[in-house]
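Here is how the chains run, residue by residue.
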Amino acid sequence: MKKVIITDEDNKPMAWCRDQLCYCTDETWRDEHFPVKPYSIQTARRYIKKSIEFRTNAGFLVGGYRLMPIKIR
């Protein structure tokens, strides 16, 4: 099964946190608040959809999201 990480339009990794995608707050992408994780394509698309819905309903700006394929060893 292919795995992906979610990035913004500038390829900065994002992670799922509660109701929206958030930026990791440390340089290793593994902080305790928003660790970047690999997702299946289906899960990543669901998180993107939920994040867009949440941010739109809250009146926040919605940026572009991308799926970046990764290899897991």
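Residues numbered from 1 in each chain as written. Predicted model: local features only at pLDDT ≥ 70, side-chain atom pairs only at ≥ 80, totals over all residues. Heavy atoms only, no water.

Describing the state of the cysteines
Line of reasoning, step 1. Inspection of the entire model under this criterion finds 0 disulfides.
Line of reasoning, step 2. Looking at Cys-17, it has no disulfide partner, and the nearest cysteine sulfur is the one in Cys-22, 4.7 Å off.
Line of reasoning, step 3. With relative accessibility at 16%, the residue Cys-17 sits in the buried group. (Disulfide = S-S within 2.5 Å. Buried < 20%, exposed > 50% of the residue type's maximum accessible area, 1.4 Å probe, protein only.)

With respect to the packing of aromatic side chains
Line of reasoning, step 1. Scanning the model with the defined rule gives 3 aromatic pairs in all.
Line of reasoning, step 2. Here a set of aromatic residues connected by ring pairs shows up, and it is made of Trp-16, Tyr-39 and Tyr-47.
Line of reasoning, step 3. Positioned over the ring face of Tyr-23 is Lys-12, at 4.6 Å from the centre of the ring. (Phe/Tyr/Trp six-rings, centres within 6.5 Å; stacked < 30°, edge-to-face > 60°. Lys NZ or Arg CZ within 6 Å of the ring centre and 35° of its normal.)

With respect to the side chain of Thr-43
Line of reasoning, step 1. As for its position among the elements, Thr-43 is in helix α1 (residues 41-57).
Line of reasoning, step 2. Of the polar contacts made by the side chain of Thr-43, one reaches the side chain of Ser-40; its length is 3.0 Å. (Helix = DSSP H or I, 4+ residues; strand = E, 2+ residues; numbered from the N terminus. Polar contact = N/O pair within 3.5 Å; in protein donor to acceptor, adjacent residues only side chain to side chain.)

Some points on the side chain of Ser-51
Line of reasoning, step 1. Take Ser-51: it is sitting in helix α1.
Line of reasoning, step 2. Classification of Ser-51 as buried rests on a relative accessible area of 0%.
Line of reasoning, step 3. Of the polar contacts made by the side chain of Ser-51, one reaches the side chain of Tyr-65; its length is 3.3 Å.
Line of reasoning, step 4. The residues contacting Ser-51, other than those within four sequence positions of it, are Trp-16, Asp-19, Gln-20, Leu-21 and Tyr-65. (Contact = heavy atoms within 4.5 Å.)

So, the confidence of the model for the protein chain
If pLDDT is low for a region, its predicted coordinates should not be looked at in detail.
Line of reasoning, step 1. When the pLDDT values of the protein chain are averaged, the result is 88; 86% of them are 70 or greater.
Line of reasoning, step 2. Looking at the elements of the protein chain, mean pLDDT is at its lowest for strand β3 (residues 20-23), recorded as 88, and at its highest for α1, recorded as 96. (pLDDT = per-residue confidence, 0-100.)

What about the environment of Tyr-39?
Line of reasoning, step 1. The topology assignment puts Tyr-39 in strand β4 (residues 39-40).
Line of reasoning, step 2. For the pair Tyr-39 and Ile-5, spaced 34 residues apart in sequence, the C-alpha to C-alpha distance is 6.2 Å.
Line of reasoning, step 3. Not counting the four nearest positions on each side in its chain, Tyr-39 is found in contact with Lys-2, Lys-3, Val-4, Ile-6, Ala-15, Trp-16, Ala-44 and Tyr-47.
Line of reasoning, step 4. Of the polar contacts made by the side chain of Tyr-39, one reaches the backbone nitrogen of Trp-16; its length is 3.2 Å.

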